[in-house]
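# Fold and geometry: a report
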Amino acid sequence: MRRMSMRILLLLATAVFVVGAAGCGGGDDEGDAGGKTGGTLVYAGASDPVVIDGALVSDGESIRVITQIFETLINLKPGTTELVPGLATEWEVSPDALTYTFALREGVTFHDGTDFNAAAVCFNFDRWYNFKGPLQSPSASYYYSAFFGGFKKNESEDLSDPLYKSCEARNATTAVITLTRPSASLLGALVQQAFSIASPDALKKYDADAGSLDPDTGFKPSGTFGTEHPIGTGPFEFVSWTREDRIVLKRYEDYWGEKAKLDQLIIRPIADNAARLQALQADEIQGYDLVEPQDIPTIEGTDNLKILSRPAFNVAYVTINQAKKPMDNLKVRQAVAYGLDREAVVNNFYGGRGVVAKEMMPPEVEGYADSVTEYAYDPEKAKALLKEAGLTLPVQIEFWYPSDVSRPYMPNPKNNFEAFAASLNKSGFKVTPKTAPWDPDYLGRVDEGNAGDLNLIGWTGDFADADNFIGTFFQDFSPQFGFRNPKLFKLLDDAEIEADRQKRIDMYKEANQLIMEQLPAVPYAHTKPALAFRKDVEGFVPSPTTNELFNTVSIGG
Amino acid sequence: MLRFVVRRLLLLVPILVGLSILVFLWIRALPASPAVSLLGERATPETIRQIERQYGLDKPVYIQYLRYVENVAKGDLGTTIRTRRPVTDELRERFPATIELTIAALLFATLLGIPLGFIAAKRYGTWVDHSSLVLSLLGISIPVFFLAILLKYVFAVQLGLLPTVGRISVLIDLEHPTNFYLLDALIAGDLAAFWDVIKHLILPAIALGSIPLAVTARITRAAVLDVQNEDYVRTARAKGLSPRVVDERHIFRNALLPITTIIGLQTGLLLSGAVLTETVFAFPGMGTWLVEAIRQRDFPVLQGGILFVSLVFVLVNLLVDISYALINPRIRVS
């Protein structure tokens, strides 16, 4: 019997022993990272947050604010997907991948002055596990149930058995989390804001989970934790929230790590892209994200503005729905892959911010295979394959694309579609174009498998784990792809729980090779989304997962 | 008069019931459900089912409707799906914004439009008349969002005189007891904030007011031209009344009738929200609220919002009818 508990390992690479060293920088003194202390930065998001409580949201605008106020046990090293200590300084995983022991950071306080400790960690885990009624809905706790499967008492048959078993506060600085079955992706998942540690006192005092459920109008929260008193341990503390106008945060003076340089951070909602650009030009805001590719030259051409890029952490792909004949034939899917001129699309419509994708996940994520079957644009080969499949040319196919939307991985779907349709038409297909407004019509159709033989869609990762990409797409049957491949399903199931990091990486590599052989979809682009700032805003480190911390940001320096 | 008002108010009941049924059926006939909108790419058939059950969307429509009517009768318009807040709370924030913007736009349109139309009519056929025609054609034909972007580019980006987004500068702290920001600023006795709110209203009001301005100017001109050829105007002139008295008491007052109608109609429309203007100026009013709700299938917002907007529209029309009576004594008699 091996008794040695492995100091794992998984996904954490260099993380194992960085202890408190991470980011214990100089705090208040000026100029340690070049920026000056003080001032207010106004940043524009695309919409108002839903509620400032990580456990109850899944939208990026809420998560941006939550990231500043709350912290998680494990962090991502800024600008990367590498795991580093957060509120936990070290962690051990038992060899059976069932027990996780976290050593917690000392001297950390919540914004209400209470201490952060193991009891607080367990209080939060138990809070999520005990969610009842509407809090179990994916509209609230999507990320919790996406990872932990279910709750103590599941109230819907669509939830699965809970992965979480218990949390024990062994002493003030040691929390032990036990799972019901092995999982190797827990550490990677814990960086998500859904697993932010909030002040237990504040959660109780401000009734974080209170509310009534009306069968017709849904959940009515009655507490004020997530709207007026969100209290965590992060570098910024909450000041006020005026709906549809602004959220004001200020520096938390007792922060354990690198204290915020800004006195104040104000986040305001501006939905319209052109309006965000003009507000930046008029200096009403000093930064925003989701910059449209066509605005980049304007911003780069303005003296006092600049563009930053997030590392690619997404994939744009063409779904092939195998439930529709003849897409169940591998030769036809290969013909589709050879018939898509992916290079032309990426070169022409991504403003130099995209690379042609070879696999269904970005190269930064572990498990990316070194070599997979590649399909360079080749219309003749596509036609030959279709003939081999016994079909008469041209083969009629229905191809869907969304209207009224721009996604980080797909700035202008119509352009992509038109280029693809043209190249497919040259490759022995006859494309029938179909379109619907993105939200929710188009998404609904793709989801239900009602969006033709082919459709344009994509994905932005939540955390750096292959399971969050190919596991989400292909681990089970889904109407979107319409296929059952027991070998692939099993491989992804096994990889998800494999505790040995190297074995796990190899399994995902194998899965990626299998995927590119079987072609349930054709990936075509990874992109680097752009952010715009006033030039004297410094210290902002763009994150692949879009969860940037503003404590290192300075203005006017 | 009182009977007239009461009868009109009673008519509201069937109108609102009919409307509520239509809205209810219409939004449920839209493809896809709010669940997809909430989760985006992350929606799966299971999560969609779960969310639909949570909002009772899996029950028969007539049951959903009866429950809804029951709640509305209790003054409860439900909870929004996206923000999980009471619809009435959001309405209390959004509607004052729209009222402020509407009043600003109407002031711009009428204070400029009526004199413009009046002068054009008095100088019928001259260059003044022609240029007022060109101006109002421009006002009608220039797309609102384009005008808005142009105004912002000139007055905010280039000249730095006015702000481009929002209702108030984010650096100004102001309590919002009424959500009418101008009123809030007065209550707080904060003149700097008051001026800041006005500055935030100027560009949106011009953008939004451009079409009503053009319409008002054209209608005023036509009405004045009509009236000044009436017999009673000739009589008044023949009696030797001064041109000013004739203009004010005989021409203008009679021309006011069609002008009031058109302003009333415009008010009703503006109060239901100005989607384009609100979007471009990030102005949180009724328009963007309802359009977002359509996009996200936020049923409670749509039901409550549309019902409320229709109520306002009908009431404004009633007010217009009452004002006829005040302007024209002949209507009072009948």
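Residues numbered from 1 in each chain as written. Chains lettered and ligands numbered in written order. Predicted model: local features only at pLDDT ≥ 70, side-chain atom pairs only at ≥ 80, totals over all residues.

### Examining the overall build of chain A
Where we set the bar: Strands are runs of DSSP state E lasting at least two residues, helices are runs of H or I lasting at least four, and both sets are numbered from the N terminus onward. Our radius of gyration looks at C-alpha atoms and nothing else; its globule reference is 2.2 Å times the residue count to the power 0.38. Exposure classes come from backbone-placed C-beta atoms, where a residue is buried if 20 or more other C-beta atoms lie within 10 Å of its own, exposed if 12 or fewer do, and partly exposed in between.
Helix and strand counts for chain A come out as 16 helices and 23 strands. Here the C-alpha radius of gyration of chain A, 24 Å, is about what a compact globule of 557 residues would show, namely 24 Å. Across its three principal axes, chain A shows a C-alpha extent of roughly 75 × 65 × 50 Å. Taking all 557 residues of chain A together, the buried fraction comes to 54%.

### Structural notes on the overall build of chain B
We apply this condition: Contact definition: two residues whose C-beta atoms, as placed from backbone geometry, lie within 7 Å.
Counting its regular elements, chain B contains 15 helices and zero strands. In terms of overall dimensions, chain B has C-alpha extents of about 80 × 55 × 40 Å along its principal axes. Look at the contacts in chain B between residues 6 or more apart in sequence, and 70% of them connect residues 24 or more apart.

### Here's the deal with the interface of chain B and chain A
Let me state the cut-off plainly: All amino acids are sorted into three groups, where Ala, Val, Leu, Ile, Met, Phe, Trp, Tyr, Cys and Pro are nonpolar, Asp, Glu, Lys and Arg are charged, and the leftover types, Gly among them, are polar.
Each partner contributes residues to the interface: chain B has 54 residues there, and chain A has 46 residues. Elements supplying a minimum of two residues to the side of chain B that touches chain A: helix H2 (34–39), helix H3 (45–54), helix H4 (61–73), helix H7 (144–158) and helix H12 (275–280) of chain B. Looking at the side of chain B that touches chain A element by element, the count peaks at seven residues for H3 of chain B. Split by residue class, the side of chain B that touches chain A holds 24 nonpolar, 18 polar and twelve charged.

### A closer look at the packing of helix H7 (residues 273–281) of chain A against H7 of chain B
Describing two packed helices takes the angle between their axes plus the distance from one axis to the other. To be explicit about the condition: Fitted lines through C-alpha atoms give the axes, limited to the stretch in contact for helices. The angle between two N-to-C directions lies from 0 to 180 degrees. Should an angle lie under 35 degrees it is considered roughly parallel, over 145 roughly antiparallel, and from 65 to 115 roughly perpendicular; all remaining angles are considered oblique. With the far helix as reference, a near helix turned anticlockwise by less than a right angle produces a left-handed crossing, and one turned clockwise produces a right-handed crossing.
For the pair H7 of chain A and H7 of chain B, the least separation of the axes is 10 Å and the interaxial angle reads 15°. With respect to each other, H7 of chain A and H7 of chain B are oriented roughly parallel. When you trace H7 of chain A past H7 of chain B, the crossing you get is right-handed. In this structure, H7 of chain A contributes Ala 274, Gln 278 and Gln 281 of chain A to the contact, and H7 of chain B contributes Ile 149, Lys 152, Ala 156 and Val 157 of chain B. Within the contact of H7 of chain A with H7 of chain B, the residues separate by chemical class into four nonpolar, two polar and one charged.

### Some words on the nonpolar core
For the record, the criterion: For this analysis, nonpolar core means a set of buried Ala, Val, Leu, Ile, Met, Phe, Trp, Tyr and Cys residues linked through C-beta atoms within 7 Å.
Core analysis: the biggest nonpolar cluster contains 237 residues, and Ile 470, Val 522 and Tyr 524 of chain A have the highest contact counts within it. Examining the composition of this core, we find that 17 residues originate from one element, helix H9 (residues 191–228) of chain B, more than from any other. Excluding its chain neighbours within four sequence positions, the residues that come into contact with Ile 470 of chain A are Met 360, Met 361, Leu 492, Ala 511, Asn 512 and Ile 515 of chain A.

### Brief notes about the environment of Ala 208 of chain A
Here Ala 208 of chain A lies in the loop between helix H5 (200–205) and strand S8 (211–214). In the structure, Ala 208 of chain A is positioned 291 residues away from Ala 499 of chain A in sequence and 35 Å away in space, judged by C-alpha atoms.

### A word on helix H13 (residues 286–295) of chain B
Among the residues making up H13 of chain B, those that are buried are Met 286, Gly 287, Thr 288, Trp 289, Leu 290 and Ala 293 of chain B. Elements in contact with the buried residues of H13 of chain B: helix H5 (87–122), H12 and helix H14 (299–327) of chain B.

### Details of the sheet that holds strand S18 (residues 429–437) of chain A
All names here are of chain A. Heads up, the rule is: Two strands are said to pair when DSSP picks up at least two bridges between them.
Spatially, six strands are ordered S16-S20-S15-S19-S17-S18 in an open sheet, and the strand pairing comes out mixed. Looking along the sheet, the strands with just one partner apiece sit at the ends: strand S16 (354–356) and S18. Adjacent strand axes in the sheet meet at a mean angle of 30°, parallel and antiparallel pairs treated alike. Where strand S17 (residues 395–403) lies against S18, nine bridges are found, and the strand directions are parallel. Across the sheet, the residue bridging to Ser 403 is Pro 437, located in S18. The strands touched by helix H10 (residues 342–349) within the sheet are S16 and strand S20 (521–527), with S16 carrying the most contacts at an inclination of about 170°.

### Things to note about helix H9 (residues 330–339) of chain A
Residues and elements named next belong to chain A. Counting buried positions along H9 gives eight out of ten residues, so the element sits mostly inside the fold. Burial in H9 covers these residues: Val 332, Arg 333, Gln 334, Ala 335, Val 336, Ala 337, Tyr 338 and Gly 339. Residues of H9 that are buried in the fold lie against strand S15 (314–320), helix H11 (379–388), helix H12 (413–425), S18, strand S19 (454–460) and S20.

### Comments concerning unusual backbone geometry
Excluding glycine, residues mostly have negative phi values, and the peptide bonds linking residues are mostly trans. Residues and elements named next belong to chain A. Pro 326 follows Lys 325 through a cis peptide bond whose omega is 0°. Within the element layout of this structure, Pro 326 appears in the loop between S15 and H9. Between Leu 393 and Pro 394 the backbone carries a cis peptide bond, its omega angle lying at -10°. Along the polypeptide, Pro 394 turns up in the loop between H11 and S17. Even without being a glycine, Asp 283 presents a positive backbone phi close to 65°. Mapped onto the elements, Asp 283 comes out in the loop between H7 and strand S13 (287–289).

### Some details on the confidence of the model for chain A
Stated precisely, the cut-off is as follows: For every residue, the predictor assigns a confidence score, pLDDT, that lies between 0 and 100.
Mean pLDDT over chain A works out to 88, with 92% of the residues at or above the 70 mark. When the criterion is pLDDT under 50, residues 1–32 of chain A qualifies, and its contacts beyond four places in sequence or with other chains add up to 54 contacts.

### Comments concerning the environment of Glu 343 of chain A
Residues and elements named next belong to chain A. Note that Glu 343 resides in helix H10. For Glu 343, a count of 12 C-beta atoms within 10 Å puts it in the exposed group. Residues Glu 343 and Ala 525 lie 182 residues apart in sequence; the distance between their C-alpha atoms is 8.9 Å.

### Observations concerning the pairing of strand S1 (residues 40–45) of chain A
Residue and element names in this part refer to chain A. Counting buried positions along S1 yields five of six residues, so the element is predominantly enclosed. Strand direction decides the pairing type here: S1 and strand S12 (residues 264–269), joined by six bridges, are parallel. Residue pairing for S12: Thr 40 is matched across the bridge by Gln 264. Here two bridges tie S1 to S13, and the two strands are oriented parallel to one another. Bridge pairing in S13 links Tyr 43 to Gly 287.

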